[in-house]
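Listed below, chain by chain, are the residues.
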Amino acid sequence: MAETHVLFVEDDDVIREATQLALERVGFAVTAVPDGLTGLEAFRADRPDIALLDVMVPGLDGVSLCRRIRDESTVPVIMLSARADSIDVVLGLEAGADDYVTKPFDGAVLVARIRAVLRRFGHAAGDRTGGGQPESEAVGGVLVFGDLEVDTEGMEVRRGGAQVALTPTEMRLLLEFSTTPGTVLSRDKLLERVWDYGWGGDTRVVDVHVQRLRTKIGQDRIETVRGFGYKLRA
């Protein structure tokens, strides 16, 4: 089986080298670079399986680099931020990141988050063998909600007949909503099912992804149920 290729953009030499060694120790192939422009070049040249982007890197900051990557690819992206309460977290998620990890981080935690994101990518690409799938999900077929069509087998979404481009995480999120239409899903439940968090996580990840999804499938398609969570209008 081919190694999973990780692009790691981090300007701190100590963190970059230590993290690269930690990831390589568990079997990842790592391209580690110190700035955003070099990171963009490496992304285009190597087409990695996942990108780890520090928010504060020179040349082209991590948020801008994430946007550039999203313009070209749906490859999973994890942002690294030194401040959990920083606006950087939200900006990174709005730019298209799938998740974020706060620095300083434990190597084992980072590896677990990388593997969780990659599992989500597999599910969104059509892998139905893993855990965490909602029992009510349709096997094959197309789910229709007004002008919105969700092909659960072909992993395609259309709105008004036009194809909608979703990232793997957005696709997983939409599948959770579309296979249980009208059911309120809490943020914690979505973190567990979509982000594979078996413990409490930052619900901003859910909120930003819901907003991103709304812009693509229609602002009124996903309803906020205050104090409880979200639901898809059936």
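A short tour of the structure in this document, coming up. (Residues numbered from 1 in each chain as written. Predicted model: local features only at pLDDT ≥ 70, side-chain atom pairs only at ≥ 80, totals over all residues. Heavy atoms only, no water.)

### Some details on the environment of L65
- Checked against the element boundaries, L65 lands in helix α3 (residues 62–72).
- Looking at L65, the relative accessible area reads 0%, which means it is buried.
- For L65 and A95, which are 30 residues apart along the polypeptide, the C-alpha to C-alpha distance reads 8.9 Å.
- In this view, L65 contacts V9, G36, G39, L40, L53 and L60; residues no more than four positions away in its chain are not counted. (Helix = DSSP H or I, 4+ residues; strand = E, 2+ residues; numbered from the N terminus. Buried < 20%, exposed > 50% of the residue type's maximum accessible area, 1.4 Å probe, protein only. Contact = heavy atoms within 4.5 Å.)

### Considering unusual backbone geometry
- With an omega of -5°, the peptide bond running from K103 to P104 counts as cis.
- Here P104 is to be found in the loop between β5 (99–102) and α5 (107–124).
- Of note in the backbone geometry, R47 takes a positive phi value of approximately 50° without being a glycine.
- Mapped onto the secondary structure, R47 falls in the loop between α2 (36–46) and β3 (50–54).
- One non-glycine residue, M155, lies in the positive phi region at around 55°.
- Within the secondary structure, M155 is located in the loop between β7 (148–151) and β8 (156–159).

### Topic: the pairing of strand β6 (residues 142–145)
- The two faces of β6 differ: L143 and F145 on one face are buried, but V142 and V144 on the other face are not.
- Taken together, the four bridges between β6 and β7 define a ladder with antiparallel strand orientation. Its bridge partner being in β7, L143 is matched across the sheet by V150.
- What sits between the antiparallel neighbours β6 and β7 is a turn of two residues, in which G146 has the positive phi angle 65°. (Pairing = 2+ DSSP bridges.)

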